[in-house]
Structures are given as C-alpha cells and as structure tokens.
Amino acid sequence: MDSNTLQKVTLNPRQQEAVLHTEGPLLILAGAGSGKTRVLTHRAAYLISQGVKPWNILAITFTNKAAAEMRERIDQIVGMGSDSIWVSTFHSLCVRILRRFIDRIGFDPSFSIYDADDQKSVMKDVCKKLEIDTKLTKERTLLAAVSRAKDELVSPEEMALNAGNDFYARRTAEAYQEYQAQLRRNNALDFDDLIMKTVELFQDCPEVLDHYQERFRYIMVDEYQDTNTAQFRLVSLLASKYRNLCVVGDDDQSIYRFRGANIRNILDFEKVFPDAKVIKLEQNYRSTANILNAANDVIRNNAGRKDKRLWTENGDGAPVHLRQFQNGFEEAEYIIGNIRSHIEKGEAEYKDHAILYRTNAQSRLFEEKLIYANIPYKLIGGVNFYARKEIKDLLAYLKTVDNGRDELAVRRIINVPKRGIGATTLARVSDYAAAYGISFYDALLRADEIPGIGRGSAKVLPFTVLIQTLRAKQGNISVSELLEAVIEETGYVKELELEATEEARARIENIDELISKIRDYDENAENPSLSGFLEEVALVADIDNLEEESNRVVLMTLHSAKGLEFPYVYMAGMEEGLFPSYMSIMADNPKEEIEEERRLCYVGITRAKKELTLTAARQRMIRGEIQYNQTSRFIREIPQECLDEKSESPAKRAREERETRKEKRREAFLEARRDFRAKPFETAPVTVTKADHLEYGVGDRVRHLRFGEGTVLEITEGRKDYEVRVNFDTAGVKKLFASFAKLKKI
DNA sequence: GGTTGGAAACTTTTT
DNA sequence: GTTTCCAACC
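Summary of the structure given here. Nothing here was measured: the structure is a model prediction, and the numbers come from that model. (Residues numbered from 1 in each chain as written. Chains lettered and ligands numbered in written order. Predicted model: local features only at pLDDT ≥ 70, side-chain atom pairs only at ≥ 80, totals over all residues. Heavy atoms only, no water.)

Notes on the protein's contact with DNA strand B
In the neighbourhood of DNA strand B, 23 residues make up the surrounding shell, with Phe62, Lys138, Arg140, Arg358 and Gly422 lying closest. For DNA strand B, the backbone portion of the atoms within 4 Å of the protein, that is sugar and phosphate, comes to 61%. Within the contact set of DNA strand B, a sugar or linking oxygen lies 3.2 Å away from a side-chain nitrogen or oxygen of Arg259. In the environment of DNA strand B, a phosphate oxygen lies 3.0 Å from a nitrogen or oxygen atom belonging to the side chain of Thr557. Its residues placed into classes, the surface near DNA strand B shows seven nonpolar, nine polar and seven charged. (Near = heavy atom within 4 Å. Polar contact = N/O pair within 3.5 Å; in protein donor to acceptor, adjacent residues only side chain to side chain. Nonpolar A, V, L, I, M, F, W, Y, C, P; charged D, E, K, R; others polar.)

Laid out in structure tokens, this is it:
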C-alpha cells in the first residue's frame with residue numbers, strides 16, 4: 001500500500017496523516033466513533049508496505065475482544081505475514097514475556113495467576129498472621145492499597161518508607177510485604193504483578209529489555225487513556241530505543257481511574273515526548289447530530305480536558321428520548337416494550353439494542369422483564385464464569401496437578417468432596433511444611449510422618465494418590481481428558497446429580513460448558529498444555545464473550561460498553577445517587593470523582609448510533625430499601641432542543657398482585673434464567689437451538705411463565721425453530737417460538 | 001468435623 | 001434483597 005492507494009480506501013485527511021506518520025512518537029486523540037481502529041489497522045498495513053517486518057510490530061489493547069477484533073481486521077487488509085504481528089492485551093503480553101524470562105528475577109516460570117478471589121484468601125491469611133483486625137481494616141481496603149501501589153510501581157519497602165510514623169500506613173505496608181511473601185511461596189502472581197514484574201525484569205535485565213526493544217520496533221497502544229503508571233513505564237521502556245510509539249486514546253473516555261488509570265499519561269504525553277506529533281480525530285461516523293450534541297454538552301462541563309468537539313455529517317436524527325417513571329419496574333417495562341415495538345415493526349433486531357446501567361445490581365429487573373417478554377438477551381458482567389464455585393473447584397484440581405506449590409488451590413479442594421480432613425490436621429500439615437521448608441502439598445505426601453496427625457493421615461492418602469495418579473497421566477492425555485478424569489474420580493457431578501435442585505442443575509450445566517471450552521482449547525490452541533489453558537482462563541474478561549453474530553439484546557454496565565456501538569441505546573437509572581453514584585458525590589474530592597462519572601456518561605451516550613433513550617425512576621429499591629432520587633444532573637446538562645421529554649403514567653398493574661406472585665415468579669425466574677442466558681462458550685453463532693422434538697403436541701395443555709395456562713392450537717416447523725400457537729385461558733391466542741417460550745406440558 | 005440458622009454487610013465500576 | 005460469615009448445635 002502506498003500513499004496513493006491509501007486515498008482510495010476512504011480515510012479522511014486526519015486519518016491519513018495518522019497512518020502516514022510512522023517514525024517517532026505519535027499521539028492520536030480519537031474522539032468516540034472517529035474510526036480509530038480503522039486508523040490503527042491501516043497503519044499496521046502501511047508500515048508493512050513500507051518494508052517494516054510484521055514481527056517488529058506490537059499492538060496492545062485492554063481486552064481480548066479488542067485484540068481479536070484488531071487481529072481480524074489486520075488480517076483482512078494485510079494478508080501475508082499478518083499473523084506475525086503481535087496483537088495482545090497488556091496482561092497476556094506480560095505473561096508471555098514472564099514465562100520466558102521470569103527466572104532472571106528469581107521466580108519459577110510455571111507461576112500461577114491469582115484472581116480477585118484468590119487474592120482475598122491470601123490477604124485474609126495475611127491479616128490472621130499479622131493479627132490485623134479485619135473488622136477495622138477490611139481485606140478489601142488492604143488489597144486496594146496493594147493494587148494501587150503496584151499500579152504506581154511502589155514496592156513494599158518503599159511503601160514502608162513512605163509510611164513514616166503513620167500507624168495504619170505502616171500496617172498496610174507490612175501486609176503488602178507479607179502478601180507478596182505468600183504469593184511467592186505459592187509461586188503465584190496477581191494481575192498487577194504481571195505488569196509490575198515485567199517492568200522489574202526490564203529494569204534489572206538490560207539484555208532482556210534489549211531483546212524486546214529489537215523485537216518491537218513499532219508499538220501501538222489502544223485505549224491509552226486507561227493506562228496506569230506501570231503500563232506507561234512498560235511501554236516507554238519498550239519504546240525507548242526506537243521511539244516509534246503510537247498511542248491512541250480519548251481523555252474524555254478515561255473511566256478507569258479507580259483501577260489506577262492515570263489520566264496524566266494522555267494529558268502529559270507531549271511533555272514526556274516533546275517531539276510527539278499530535279493528531280485529533282473529531283469527525284464522528286457513528287451517531288446522529290442530536291446524540292453527538294448531547295454528548296458534547298455533557299462533557300463540556302468537565303475542566304482540564306483536551307479541547308475538542310465531535311462533529312458529524314450525519315443528519316440530526318431522532319431527539320434523545322427522556323422518560324421518567326414511578327419506579328424501576330415501570331422503567332424496565334417501558335424499555336422492554338420499546339424494544340419489542342421495534343422488533344414488531346420490523347425496524348430492528350434484538351442485537352441492535354443495548355441496555356446500559358451504572359451498577360450490575362440493576363440488571364435483574366431487566367432480565368425478569370425480558371424473560372416475560374420472550375426476548376433473548378445476553379448479560380455481560382456480574383459473576384465471571386470462571387469465578388463460579390463449581391468451576392473454581394475443578395480448576396483448583398487442575399492447578400494442583402499443574403503447580404504443586406499453589407497452596408490455595410490445594411486447600412480449596414482437599415475437602416471437596418468431603419474427605420473428613422479437619423482444621424487440626426491441616427494446621428499440623430502447615431506447621432510441618434513450614435518446619436521443613438517444603439510446600440503444603442509436599443507435606444501432605446509425607447502425611448504419615450507428621451506427628452500428631454493420627455488417623456488424619458489415612459484420610460489424606462486417597463487425596464494425594466488421586467493427584468499423583470493425575471500427574472502421572474498428565475502429558476499422555478489431553479487437558480479435557482484430564483478434567484474428565486477429575487470429574488470421574490471425585491464424583492463431583494454425581495454428587496450434584498443427587499442433589500437434584502435447580503441450583504445443582506445449573507452448576508452441572510456450567511461444568512458441561514467448562515468441558516466444551518477445554519475441548520475447544522485442545523482442538524484449537526497451537527500447543528495445548530495444562531498451563532496454557534489455565535493461563536488463558538485467568539486472563540479472560542466477561543466482555544470477551546460477547547459475540548456480534550448472536551441476535552440478543554445486550555445488558556451491561558456503562559464501563560463494559562466502552563468501545564462498542566449499538567443502533568438503539570437505553571441508559572437506565574439516570575438518577576442522582578445512582579449515576580452519578582452516591583460514592584462519587586460524597587467522596588473527599590467530589591469534583592474529580594464526578595468528572596469521572598461524567599466521562600462515563602459521555603461514553604454511554606456516544607455508544608448510540610441511531611436512537612438514545614435516557615430513563616429514570618422516582619423511587620427505587622436499593623438493598624431492600626426504597627430510595628427517592630432526583631433525576632441525574634447529567635440530564636440537565638443536555639440542551640433542551642435535543643431532548644424529547646415525556647412523563648409516563650403510573651403503573652397499570654396493581655402492586656398487591658406483584659407481591660402475591662413474587663414467590664412463584666422467583667422460582668420460575670431462576671429456572672428460566674438458567675436456560676435463557678446465553679452460553680458463555682457457544683461455539684456456533686446460532687441464536688436459537690431448535691429442539692429435536694417438543695414435549696407437547698397440538699391439543700396439549702401447557703403453561704407459560706407470563707401467559708399462564710393454555711391449549712396448543714398449532715405447531716409449525718420453521719427452519720430454525722418451532723413456532724407454536726397457543727390459546728391461553730386469560731391472555732388469548734399467542735404465537736411463540738418454542739426455544740424461547742419454555743412451555744411446560746401440564 | 002459438619003450442618004444450620006440468623007445476623008451483618010453489602011454495591012460503583014474490572015483487566 | 002442477596003450473599004457472606006460465624007456461632008451454636010448435632
């Protein structure tokens with residue numbers, strides 16, 4: 001590709017400039033919807049056309065999903081050699097580097113990666129050991145302090161020095177130190193360590209740094225506004241030799257300050273790299289003018305931002321809709337009704353709609369209403385699939401097989417299933433391990449030598465025999481066979497089958513999904529290995545599972561929505577105290593915190609392509625208490641002329657009716673949700689699974705979640721699904737799709 | 001050593 | 001309203 005062909009691929013002048021500027025530092029300030037991924041991918045293609053070797057290019061993103069997307073788009077325009085370009089998230093890049101070189105800084109390359117749950121267990125242990133009263137100082141607070149320190153590349157020793165005579169600061173530093181010691185004993189790193197240790201490695205081993213500097217001569221960083229100090233240092237170290245660093249970001253979309261993102265990284269880029277070229281992309285290709293004006297006028301209220309204003313050649317479009325309701329139920333009902341009317345009129349598909357909210361807790365109401373309305377949806381966020389108990393249990397077996405020093409994993413499963421090994425026995429084992437300087441698991445292997453264990457050792461034996469057998473098999477069998485062996489030997493699924501509750505069934509389904517995920521891994525990974533699989537698992541985020549092909553309404557937090565776009569966007573819960581959150585209003589530095597909330601609002605608004613609807617409720621149940629909230633200040637910041645405001649009439653349904661039905665519905669909801677939720681690892685992009693047969697036929701009596709009982713009038717077989725016509729006793733005749741309706745024969 | 005019930009805490013966002 | 005934790009019981 002030369003600069004002439006570049007003209008043909010419809011890049012605007014600013015975008016072209018960014019693509020053509022290949023040498024030296026470059027800051028691209030890319031407003032929402034301004035085509036930055038386009039620029040990045042074309043830039044990669046242009047670099048290669050100029051003779052740059054594909055393997056000398058590194059592109060860093062924050063999520064696997066973004067990385068996969070960029071990879072795909074680069075493949076499309078680059079063709080040959082594109083797969084040698086490294087497109088990676090910060091975390092997987094670091095893991096890859098550390099697996100190869102971490103022994104240089106005294107770690108074992110087979111380290112485990114600890115998630116938030118694991119971190120909490122470790123910190124709990126630390127508090128016990130240091131006699132920190134967790135009623136006064138929460139593990140969470142300590143972990144947050146540790147995380148912040150790591151984001152800022154502050155070591156435990158430095159933290160101790162900085163603490164001076166402040167008692168709490170000193171205790172925190174002690175906890176940090178002990179926490180690191182425990183991780184090291186378990187041969188584990190937490191998320192923040194992945195970045196910090198890589199920086200440490202680069203600083204301590206110039207030859208390793210040089211190796212990667214030579215490797216990555218051209219570096220691009222996406223979502224630069226979300227980098228923290230450690231990530232910034234990492235990138236600067238890598239780029240310091242050839243100085244070909246291109247960062248793309250939008251200071252107005254910086255929404256991860258709470259996670260350590262340092263907005264100064266983008267605001268001060270030109271100070272750190274005085275020779276940096278700065279290019280602003282302000283033309284928006286995504287939204288209508290009304291939506292854009294709303295966004296511009298909201299964000300304008302923030303101080304200390306880079307000056308820019310998005311514009312578009314698109315038409316005004318519909319006004320931004322604003323609706324206020326009596327409560328959250330009506331809000332949800334309205335939104336779902338609105339979505340349904342788009343579908344019925346044939347204006348849009350399910351997947352064209354996204355419902356965005358501030359907190360995960362708000363999703364439940366929408367889920368309920370969507371189920372009743374027979375609308376397929378995909379929920380992003382909440383409890384991560386890999387954080388579920390059953391999944392963590394099984395993974396802990398695999399981790400124990402993989403890394404015997406991961407004491408946390410061993411302790412997690414030593415009594416799963418129940419083996420009758422008590423706290424006393426475990427304490428003795430622990431003491432023994434400490435006394436002989438061996439790992440917890442190795443101490444278990446010598447259980448019969450441990451004094452004071454008595455019968456305990458007989459109980460430990462079957463466990464160690466199981467693990468040893470699995471270890472012997474490892475290498476000869478695939479990862480999925482290993483997991484199946486674990487399930488078989490432990491009787492994990494059998495036990496759940498015996499329980500026969502709704503919850504147990506859901507757990508079994510999750511396990512089935514884990515099995516298919518591992519099979520998928522075995523078949524598709526380049527070099528499938530147990531450690532490789534565990535690593536992949538540790539680094540996925542829920543958003544990575546959002547498949548564009550699947551036709552479902554999407555539910556997620558405003559944070560998760562960054563980088564996505566939808567024709568119809570609903571921002572729910574636009575209330576003071578909820579959004580902006582109570583926490584931000586009451587913070588020590590409310591100005592800054594509210595500015596962050598405002599950026600979040602800006603992100604939400606700019607997700608919409610065609611129509612944006614803002615909703616609020618006058619009263620809302622929060623933690624079982626009713627709260628009365630005013631509409632969000634952000635609504636008031638939107639100019640009247642882009643708004644179309646209507647107040648909706650009170651609820652049609654009586655409240656008492658809700659109360660009496662509540663219990664029944666809860667059960668039904670839990671059951672339906674289990675079937676309804678999109679499977680995290682659906683391999684085929686089908687949206688419905690047509691059943692082999694239906695358990696009911698014409699003339700049968702059936703029950704529907706919302707419509708109650710009725711008689712089946714007709715069943716027609718479509719290509720993808722059965723269409724069932726039912727005459728409901730109270731609701732009349734309805735046409736339903738079998739896979740969504742979940743009709744039960746009675 | 002395991003089970004159970006009730007109190008307490010929790011909710012801002014997550015790679 | 002839901003989840004987590006802990007003490008008292010079996």
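Digging into the environment of Val429
Tracing the sequence through the fold places Val429 in helix 20 (residues 423-436). We classify Val429 as buried; its relative accessible area is 0%. It is 9.1 Å that separates the C-alpha atoms of Val429 and Arg446, two residues lying 17 residues apart in sequence. Not counting residues within four places of it along the chain, the set of residues in contact with Val429 comprises Phe440, Ala443, Leu444, Ile450 and Ile453. (Helix = DSSP H or I, 4+ residues; strand = E, 2+ residues; numbered from the N terminus. Buried < 20%, exposed > 50% of the residue type's maximum accessible area, 1.4 Å probe, protein only. Contact = heavy atoms within 4.5 Å.)

So, unusual backbone geometry
A cis geometry characterises the amide bond from Phe579 onward to Pro580, with omega recorded as 5 degrees. Here Pro580 is to be found in the loop between strand 13 (566-571) and helix 27 (582-586). Located in the positive-phi region is Asn187, a residue other than glycine, with phi close to 50 degrees. As for its position among the elements, Asn187 is in the loop between helix 9 (167-185) and strand 5 (188-190). For Asn374, which is not glycine, the phi dihedral falls at a positive 65 degrees. Relative to the assigned elements, Asn374 resides in the loop between helix 17 (363-372) and strand 11 (377-379). Assessed through its relative accessible area of 13%, Asn374 is described here as buried.

Overview of a positive patch on the surface
On the surface, a cluster of positive charge is made up of Lys120, Lys124, Lys128, Lys138 and Arg140. Ranked by the residues each element gives to the positive patch, the list is headed by helix 6 (residues 116-129), at three residues. Looking at the element boundaries, Lys120 is found in helix 6. (Patch = residues over 30% accessible without salt bridge, like charges linked within 9 Å, V, L, I, M, F, W, Y side chains within 5 Å. Areas by Shrake-Rupley, 256 points an atom, 1.4 Å probe, with all protein chains shown as cover. Salt bridge = Lys/Arg side-chain N within 4 Å of Asp/Glu carboxyl O. Lys, Arg positive; Asp, Glu negative; His and termini not counted. Charge placed at Lys NZ, Arg CZ, Asp CG, Glu CD.)

So, the pattern of salt bridges
Following the criterion strictly, the structure yields 53 salt bridges and no others. Residues Arg99 and Glu535 are paired through a salt bridge, measuring 2.7 Å at the closest nitrogen-oxygen approach. Separated by 436 residues along the polypeptide, Arg99 in helix 5 (residues 90-101) and Glu535 in helix 26 (residues 530-538) bring together distant segments of the chain. Taken together, the salt bridges that share partners define one network made up of Lys36, Asp222, Glu223, Asp226 and Lys562.

Side note on the nonpolar core
Met123, Leu194, Phe202, Val221 and Leu245 are the most contacted members of the largest nonpolar core, which totals 69 residues. Each residue touching Val221, except ones within four places of it in the same chain, is listed here: Ile60, Phe90, Thr227, Val235, Leu245, Cys246, Val247 and Val248. Within the second largest apolar cluster, 51 residues are counted, among which are Tyr386, Leu394, Ala396 and Leu466. (Core = buried A, V, L, I, M, F, W, Y, C linked by side-chain atoms within 4.5 Å.)

Observations regarding helix 22 (residues 456-473)
An ideal rise of 1.5 Å per residue puts 26 Å on 18 residues; helix 22 measures up with 27 Å between its terminal C-alpha atoms. Of the positions making up helix 22, those classed as buried are Gly456, Ser457, Val460, Phe463, Thr464, Leu466, Ile467 and Leu470. On its buried face, helix 22 is in contact with helix 18 (389-402), helix 19 (407-413), helix 20, helix 21 (440-445) and helix 23 (479-490). Just past helix 22, the residue Gly475 takes up positive phi, approximately 100 degrees. (Expected span 1.5 Å × (residues − 1).)

With respect to empty space enclosed by the protein
Under the counting rule described, the total for this entry stands at three cavities of 30 Å³ or more. By volume, the largest cavity amounts to about 110 Å³. As for the largest cavity, its lining consists of Arg99, Ser110, Phe111, Ser112, Ile113, Lys399, Asp402, Ser531, Leu534, Glu535 and Ala538. Among the secondary structure elements, those contributing two or more residues to the lining of the largest cavity are strand 4 (112-114), helix 18 and helix 26. (1 Å grid on protein atoms, 1.4 Å probe; cavity = no way out; pocket = protein on both sides within 12 Å on 5 of 7 lines; lining within 4 Å. Points joined across faces, edges and corners; volume = space filled by probe spheres on them.)

Details of the pairing of strand 13
Where a strand is regular, its side chains alternate between the two sheet faces. Burial analysis of strand 13 places six of its six residues in the buried class, the great majority of the element. Note: strand 10 (residues 353-357) against strand 13, four bridges, orientation parallel. Residue pairing in the sheet places Ala354 in a bridge with Val569 of strand 13. The pairing of strand 13 with strand 14 (residues 608-622) spans five bridges and is classified as parallel. Residue pairing in the sheet places Tyr568 in a bridge with Glu611 of strand 14. (Pairing = 2+ DSSP bridges.)

Topic: the sheet that holds strand 8 (residues 277-281)
Pairing is parallel in the open sheet, where six strands are placed in the order 3-2-6-7-1-8. The open sheet has two free edges, formed respectively by strand 3 (86-89) and strand 8, since each of these has just one partner strand. Mean inter-strand twist for the sheet, computed between neighbouring axes without regard to direction, equals 15 degrees. With four bridges connecting them, strand 2 (residues 57-61) and strand 3 associate as parallel partners. Bridge pairing links Thr61 to Thr89 in strand 3. Helix 12 (residues 229-239) contacts strand 2, strand 6 (218-221) and strand 7 (245-249) of the sheet and is inclined by roughly 160 degrees relative to strand 6. (Axes fitted to C-alpha atoms, helices over the stretch in contact; angles between N-to-C directions.)

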